[in-house]
Amino acid sequence: MSTTELLFWFLSALAFLGAIMMLISKNPVFSVLWLIVVFFAISGHYLLLNAQFLAIVNLIVYAGAIMVLFLFVIMLMNLNTDTEPQKNTWLKVAGAIAGGSLMLIMIDVLIDAKDMHTKSALMKDGNIGLIKNLGRVLFNEYVIPFEITSVLFLSAMVGAVVIGKKSE
Amino acid sequence: MNTFSHLVYLVPLFPLIGFLINGLGRRSLSKSMIGVIGCGVILASFIVSVGIFFEARNFGPTPVIVNLFDFIKVAAFNIPFSFQVDQLSSLFLLIITGVGFLIHLYSTAYMKEEETQHYGRYFSYLNLFVFSMLLLVLGANYLIMFIGWEGVGLCSYLLIGYWFKNNEYNYAARKAFVMNRIGDLGFLLAVFWILQKSGALTFTEVFANTGAFTSFDVTAITLLLFVGAMGKSAQIPLYTWLPDAMAGPTPVSALIHAATMVTAGIYMIVRSNVLYSMAPFTQAVVAIIGLATALLAATIAIKQNDIKKVLAYSTVSQLGYMFLGLGVGAYTGAVFHVMTHAFFKALLFLAAGSVIHSIHNQQDIRFMGGLKKYMPITHLTFLLACFAIAGIPPFSGFFSKDEILAAAYANNPILWGVGVFTAALTAFYMFRLYAMTFLGKFRGTEEQEHHLHESPSAMTIPLIVLAVLSVIGGFVGIPEVFASNSHALEHFLSPIIVKGADAHHLEHSTEYMLMGVSVGLALIAIFYAWIKFSKHPEIGEPSGTGKVLANKWYIDELYDSILAKPLLALGRVLNNVIEKSGIDGLVNGVGKSVQYAGSKIRLLQSGQVGNYILMMVLSVVLMILMIFYGHNMTPLIDKIFR
Amino acid sequence: MIPVLLILVPLVCGLITFFIKEEKTAKLWSLTGSVITLLIALIGVTTMKGSNLLTYDASWIPTLGTRFTVGLDGMGKILTLLTAVAFPIIFGATYQNKYASPNAFYGLMLLSQAGLMGVFLSMDMLLFYFFWEFALIPVYFLCSKWGGEKRIAVTWKFFIYTFAGSLLMLVGILYLYTLTPDQSFAIASVHNLSLTSSQELFIFWTLFIAFAIKMPVFPFHTWQPDTYEQSPTAVTMVLSGVMVKMGVFAVLRWLLPVVPNASLRMADVVIIISIIGMIYASLIAIKQDDIKRLIAYSSIAHIGLMSAAMFANNATATQGVMLQMFSHGINVIGLWIVADVIEQQLGTRKFSELGGLAQKAPALAILFVVMSLANIALPLTNSFIGEFMMFNGLFQYNYWMAGIAGISIILAAVYTLWMIQKIFYGEVRGAVSGAMEVTTNTKLMLVILVVLVVVFGVYPKPLINITNDNPAKIVAQLK
Amino acid sequence: MNTIIVSAILGVVMMFSGIFIHNKAAFKNIAIAGLLLLLGINIAENYGYLLFKVDTKGMLHFERFGLLFNIIAIAATLLFTLLSGRDVEKVGNYTAEYFALIFFILCGVGIVTSYTNLMMLFIGIEIISIPAYILTGTDKRNLKSNEASLKYFLMGAFSTGIMLMGITLLYGTNGTFMVERAGATFPISYLEAMGLLLLFISLSFKVSLAPFHFWTPDVYDGAPTVFTSFMATVVKIAGFAAFIRLIESRYGSMGSQTDRLVAIVIILTLAFGNLTAVFQQSVKRMLAYSSIAQAGFMMFALFALNDTGKEGLILYAAAYCLATLGIFAVLIKMEDGTFEGFNGLSKSQPLLAAVLTICLLSLAGIPLTAGFFAKYYMLAAVVKTGHYLWLVVIAVLFAAVSAYYYFKVIQAMYFKEGEVNFPPVTARFKYLLVAVAAVIILLGVFPNALSQFMYF
Amino acid sequence: MPIEYYITLSVVLFCIGVVGVLTRRNAIIIFMCIELMLNAVNLMLVAFSKMHHGAALASDATSSVGTDAQLFVFFIMVVAAAEVSVGLAIIVMMYRNTHSVDVNFLNRLKN
């Protein structure tokens, strides 16, 4: 087993563990922290796939900014203790079964896809994930979505103001 | 040549005009004016009819057909509105307008006490009736005949229910109409059948083209026509309306239910004798039904106490005779009997009316008696009529009845035997009626007795005229046995009667014997009744068999319980159960189930985000299953959706 | 040009009526409008066949393959005439009736007339559907707004029921459209198709159910008695006098010639259903205690005969149906007028509360009796001609069916005479004891109707001549 | 492209006007002016006159169909602003921002009507959705509004996740985000099929097809009525524009099983929408359900995917927007939004009642209104395919059910007695409504007045 | 690595996110689970990107096939960030009014 494979399995396991822990943590703060673990694992995967830019952005944006925001809100609301009383077990089971079956059949279908059997992801090599390449493509072919995203941000900003500002 | 015959449309036109004038002007015209118009138009028709009659003697086998206009002209067939003048119709014209005129005349006096507007209404109805009857006999095809056929039904409805305030009378009127309609349906179906097979309805064409019919067709057509005749001419099983129809004013009974309308069935069958001669089975049916009706009605008449009811049942019975005649092929005899019957039965009714008139609407013979001395003319004419109906020679009834009985004997002696027995019964109940009414002592109240009087001349003159006719009317048809070639009527009608159909060959001795037996029996019955009821009028309530007879064999009750009540019950069930809960319930049920589905489905909208997403995920799972694993379910899905 | 005017005049008059605030003016205006329509219709009916005055064709929605094609043929003429005659009579007979917001009432009435005219004149199937619905909406509003106590629920059912039917018809029409070679709704295109039997059957049922609901044929009839009972009588007259003829008409124009094979195959089914309906409705009519309901059921029975006769595959019967549509319209309007007078004057429609009216209003009694007799198809009344021809055709199709159907003739006599007796005969009682005044205009309208009844009963030739060319064509299509 | 740019700019303008102008009424007028400008630009673009020429690098493709959709969306927004602009001011203190958000939504509409790249679809949908979440929650003191907003947001985000999964899987097979796929092979790989399915599901969510419709009633009910009006029209038809673009280029590759799937979805949608609407007490909520049912009908165009369908979708969108906006314009002003609240409206406001009636008739699909031909086209489209007639039959039966609840309002207005306290309305409002009714009837008689734009 | 591994991993993570959405009732946690779903998608996208890139490299050494997927991931992150800002604002607003972020209490609107 090569280092890459080793790392792959490790990161996968970490991501899985983090996800599960996030799911079952009673304390929202722990959930946030476990989710950050997942993000780190995923960033590790990005690195394995030689997508360095995304790995960094993922850490900065997700693990950094977004999750901090979450933490912030949770703290703000003083939700750090176990505020979630036992949910309807039936619904929990149903949810788990539904999600589980979704997973099973999706995996079944996707793994069954014949044209995927022979393919594999290029690890380590390939430099498309480098910032130089990404930047060039972003500002050439993808300049329109890039610009338009600004509208999205503007509306999010306006929204945050409209919704968040304590009015009257 | 044939001037009158080509003016034949005037015959029905006059009564129609009378109907319109009297009907529309019933408020503005005076009573005498109404009377004059009412009678005048009929008289005018009568005069034209007489002219036609004398022309018709020379027609030979070709009738005069007067086309007025196209009535129903479509691609498949053309039914003109046309009149046919021949021997048969001209004879009937005479009877209808002649007897009709007398009855109109009689009515002017009889109905004197009505309010003017009702008086006008009465005469307009009478005129309309005559109009319809004339259409019936003049029609050159089955459809025009049917128009008159239904028309007389309508008029009888209107006239029976003339006193519309009385609901029992209305009920009787409705009964008459509905029963007639049952018959009419048979008639109508026969008409369709004829039309389908021969493509025409005109008598001349149909009868010239009998090859178009198979024997099944003919049997079916004639049977269906006979159903129509049953309704109109009150034969079993559709006879019960006639006695009830006595609810109308007495002249109406005379006109409609004795002399003319009920003979429509006979007229129609004689008219179709070509077809009937081709259908022996139907003839047998007609004979048996006719005879059964004659017997049944006669038995009932024995125990009736209402003067008009007795006469009504006697009418039914006599009609039965006529059908017997038709059934055994004695068409001329039947027509002959129609004629004589028109005379004496009209006379009987009018005389009865005279009686009722004088004792203030008392119709129950148990409260009459001894009227002989108060009402001599009425008494005498009534007595003559009774002899006529009883078949005592040389009164008219004897000849006609004898002709039918002779023909019946030739056909089957049993028919003759029952016929003679019925004739004896007839004699019996008629003289029972006579005796209880005119003989003995008056059994009514003092006040009634005080008022008893002979009727005015407008009423007695028709009685006298009819009495004369009843006495001598039979001489137009003297049997061969008395004098050869003396049957004037047979000669007159011969062009329209199928050759050979009317022939019956009896030994002269046999014929004398038959006459002797029937007359003898009748005389015995008369004698017995005369003695019995002049001394001991039957006043008490009958019992045993008598009760059954007095209650008309409970036939009305039977019909009520096997037809009317179940039908009404069915109507009720359909209305309350099938309609409301069944069909409408189903329709409403669809609406309700939509609402119910709505009320249940909306519970899925639980308000819980978790549930919503769960539902979404489940749907995703199902969709994936369907798309990717669907090939195993394909047959099933195909079955459901393709 | 005449067909366009026939639609346009009532339409425009109706729209204008909405803006006339004064009651008198509104009434007068709508009456005038309907009389003008009548005059135009008379011109149209008497115009010879082949005149270009009788057709009009204009582009409408080219992308859909539908054109604004209207025309007057024999069948159209007779129904146009009925529609045109009916409205002035209705307006005249109910002239004294008071309605809340009369402008809307009369406006909607005229709009429904425009819709009806459109239905009878359309020579394009989509246009036909368009008018079919267009005629329904004003009537819905009329019934719901001015009807009796239970009007909302009842009219509601009526509306949804017929609407569902029409939508089914729309599916059928659409399907038919896709099957036409030139992708068109024109009558010439849909009349000359050769379809497979399953295609025909599908179209047959979608169309037939819609028409059956409208007619209405048993067992789709349950909306009808309630609606007739609850609607204002003027509207009931429109409904039963003219609107139900839409269904019959539609079968003749858009069903039999379009799917002849399926029609022949299903003829037995339809005829049997119709006959059951006739007997069924007649039996129920006997048990009714309400004038309006009785007439409603009687109407169902009559329509049943028409629908049976249509499928008898016989030109005479078909022509009989056309005549009977006219006659039945006239007769039933007459009956409703009397029913309306009774309801307006005496405040009740229940037989149990009526009796002896003939003494109070003899003229009304006579007129009503004549209308009733026409209703039971007595000879020398107009409906006899039609019924004779229909029964004749039915008889030729199958004599057992004709025989059984004939029972309804007897039953018709039973309930009609019962109705006459209960209302007019007997002693004066119940609600009748009050004052009773029949206005001159009502009488006049009834007299006009009676004259029509008798004239066409004695001399039906004009009507027969108008309808002479259609039946043969329709039946020829069936073969 | 011009629409997208100008609407984005106008959004920014509105944002800043909120800072500089303090007269509430002015915002509406600015918005109206902006919308008129936008409409003009769009129509000009439709005729080939462009303000700026931008190279979209194949990300967007502008064609008549999409532009027509834009025109309808913008015109609907304009109508909405004209009719209900006053009521927008009453929702909260951020009138300018609300209008800014509306313009941003229009920008998103411009994108989803012309995307050729799934990335643009994703961004466009998000640009529409995020302002929609916000608009739903603008009535901040109202718990229902909050709740609606949160539900909308959570479910919307969830469906975004599904959509991204779909896009990813599509990318996995094709290696490109372009919608058009060159050299399609059959049968398509499971990966691609799954991707398309998930994409279909997420778009179904956006246009509220059953069983992904659950958010719709709650959100439409909870949102301030003005914005419900906007979302039920503009946002919804934008979803359809996006949907049809996707399916048009990909549908053929999905095989016959998808036909069945879509048919089932349509039936479920019609059933859920119509049956549940029958039972509602509140007109607003009824309209929410009815919008689901209407979506079911619009799906016919996507199901049939022929010219009739596309033409019809345009007409349907227009008819639906007109009628819905008309109804909401009146509903917003009602104090009592239940059916009983409409009792006797015809007495106090005969004109409004008449217009409302025409709108409702149009929604029910009664001839002589635009709604009839809209439905007609939809049915015709499916019938033309020659299969699935049963689907059409079911659809018309549900259409009959739909008449049930639409007419309940008409019944209340005309046939029931009641007192309605209706706030005084300006003459302009009335004229506008009359104009709406007139257009509905005009389109009901001459439907090709609109659809002929597609052909010149 | 075989692409199936990545597909499986992503689907697993995605579905854990789904399960989380279904089973948790804290609005914030639900939101976080949605973020997890997005990340799973991102991971898959990058994997596909490299898969296609690898395939393209075989024929063209300078190929930049697969860049678009990585950019897409970038856009997803951007959009997610925007969404988070709005979402959290909504949650906070909700919390201000009800002092709860429990989605089970969101049931004023139903039926």
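Refer to the structure printed above.
Residues numbered from 1 in each chain as written. Chains lettered and ligands numbered in written order. Predicted model: local features only at pLDDT ≥ 70, side-chain atom pairs only at ≥ 80, totals over all residues. Heavy atoms only, no water.

## A short note on the overall build of chain B
- If you tally the helices and strands in chain B, you get 27 helices and two strands.
- Viewed in the frame of its principal axes, chain B has a C-alpha envelope of about 110 × 65 × 55 Å.
- Counting all 642 residues of chain B, 64% fall into the buried class.
- A fraction of 81% describes how many contacts in chain B between residues 6 or more apart in sequence connect residues 24 or more apart.
- As presented, chain B carries roughly 22100 Å² of accessible surface, and 66% of it is formed by carbon and sulfur atoms.
- Taking the average location of the 38 positive side-chain charges in chain B and that of its 33 negative ones, the two points are 9 Å from each other. (Helix = DSSP H or I, 4+ residues; strand = E, 2+ residues; numbered from the N terminus. Buried < 20%, exposed > 50% of the residue type's maximum accessible area, 1.4 Å probe, protein only. Contact = heavy atoms within 4.5 Å. Areas by Shrake-Rupley, 256 points an atom, 1.4 Å probe, with all protein chains shown as cover. Lys, Arg positive; Asp, Glu negative; His and termini not counted. Charge placed at Lys NZ, Arg CZ, Asp CG, Glu CD.)

## Digging into unusual backbone geometry
- Looking along the chain, the bond that leaves Ile-236 of chain B and enters Pro-237 of chain B is cis, with omega of 5°.
- Structurally, Pro-237 of chain B can be placed in the loop between helix 9 (215-232) and helix 10 (241-244).
- Phe-218 of chain C connects to Pro-219 of chain C through a cis peptide bond whose omega is -5°.
- Inspection of the secondary structure assignment puts Pro-219 of chain C in the loop between helix 8 (197-214) and helix 9 (223-230).
- The residue Ser-101 of chain C is not glycine, and still its phi comes out positive at about 40°.
- Position of Ser-101 of chain C among the secondary structure elements: in the loop between helix 3 (74-93) and helix 4 (102-121).
- With a phi angle near 70°, Leu-380 of chain C is a residue other than glycine that sits in the positive phi range.

## Here we look at the interface of chain B and chain E
- Counting residues at the interface gives 12 residues for chain B and 10 residues for chain E.
- In this assembly, chain B and chain E are joined by zero salt bridges.
- Applying the counting criterion to the chain B and chain E interface returns one residue pair in polar contact (both at pLDDT 80 or more).
- Residue composition of the side of chain B that touches chain E, by class: six nonpolar, five polar and one charged. (Salt bridge = Lys/Arg side-chain N within 4 Å of Asp/Glu carboxyl O. Polar contact = N/O pair within 3.5 Å; in protein donor to acceptor, adjacent residues only side chain to side chain. Nonpolar A, V, L, I, M, F, W, Y, C, P; charged D, E, K, R; others polar.)

## Concerning the pattern of salt bridges
- This model, assessed by the stated rule, comprises 29 salt bridges over all chains.
- Across the pair Glu-343 of chain C and Arg-349 of chain C runs a salt bridge whose closest N-O atoms are separated by 2.8 Å.
- A relative accessible area of 24% places Glu-343 of chain C in the partly exposed class.
- By relative accessible area, which is 13% here, Arg-349 of chain C ends up buried.
- In this structure, the salt-bridge partner of Arg-245 of chain D is Glu-63 of chain D, at a minimum N-O distance of 2.9 Å. Linking Arg-245 of chain D in helix 9 (residues 225-250) with Glu-63 of chain D in the loop between helix 2 (24-46) and helix 3 (64-91), this pair joins segments that are 182 residues apart in sequence.
- Linked by salt bridges that have partners in common, Asp-584 of chain B together with Lys-157, Asp-226, Glu-229, Asp-290, Arg-293, Glu-343, Arg-349 and Lys-350 of chain C make up one network.

## A look at the packing of helix 2 (residues 27-57) of chain E against helix 3 (residues 67-98) of chain E
Residues and elements named next belong to chain E.
- Look at helix 2 against helix 3: their axes get within 9 Å of each other, and the N-to-C directions meet at 175°. Accordingly, the angle class assigned to the pair helix 2 and helix 3 is roughly antiparallel. Residue-level inspection shows Ala-27, Ile-28, Phe-31, Glu-35, Leu-38, Val-41, Asn-42, Leu-45, Val-46, Ser-49 and Lys-50 of helix 2 in contact with helix 3, the latter providing Ala-69, Gln-70, Phe-72, Val-73, Ile-76, Met-77, Ala-80, Glu-83, Val-84, Gly-87, Leu-88 and Ile-91.
- Split into classes, the residues belonging to the contact of helix 2 with helix 3 amount to 16 nonpolar, four polar and three charged. (Axes fitted to C-alpha atoms, helices over the stretch in contact; angles between N-to-C directions. Parallel < 35°, antiparallel > 145°, perpendicular 65-115°, else oblique.)

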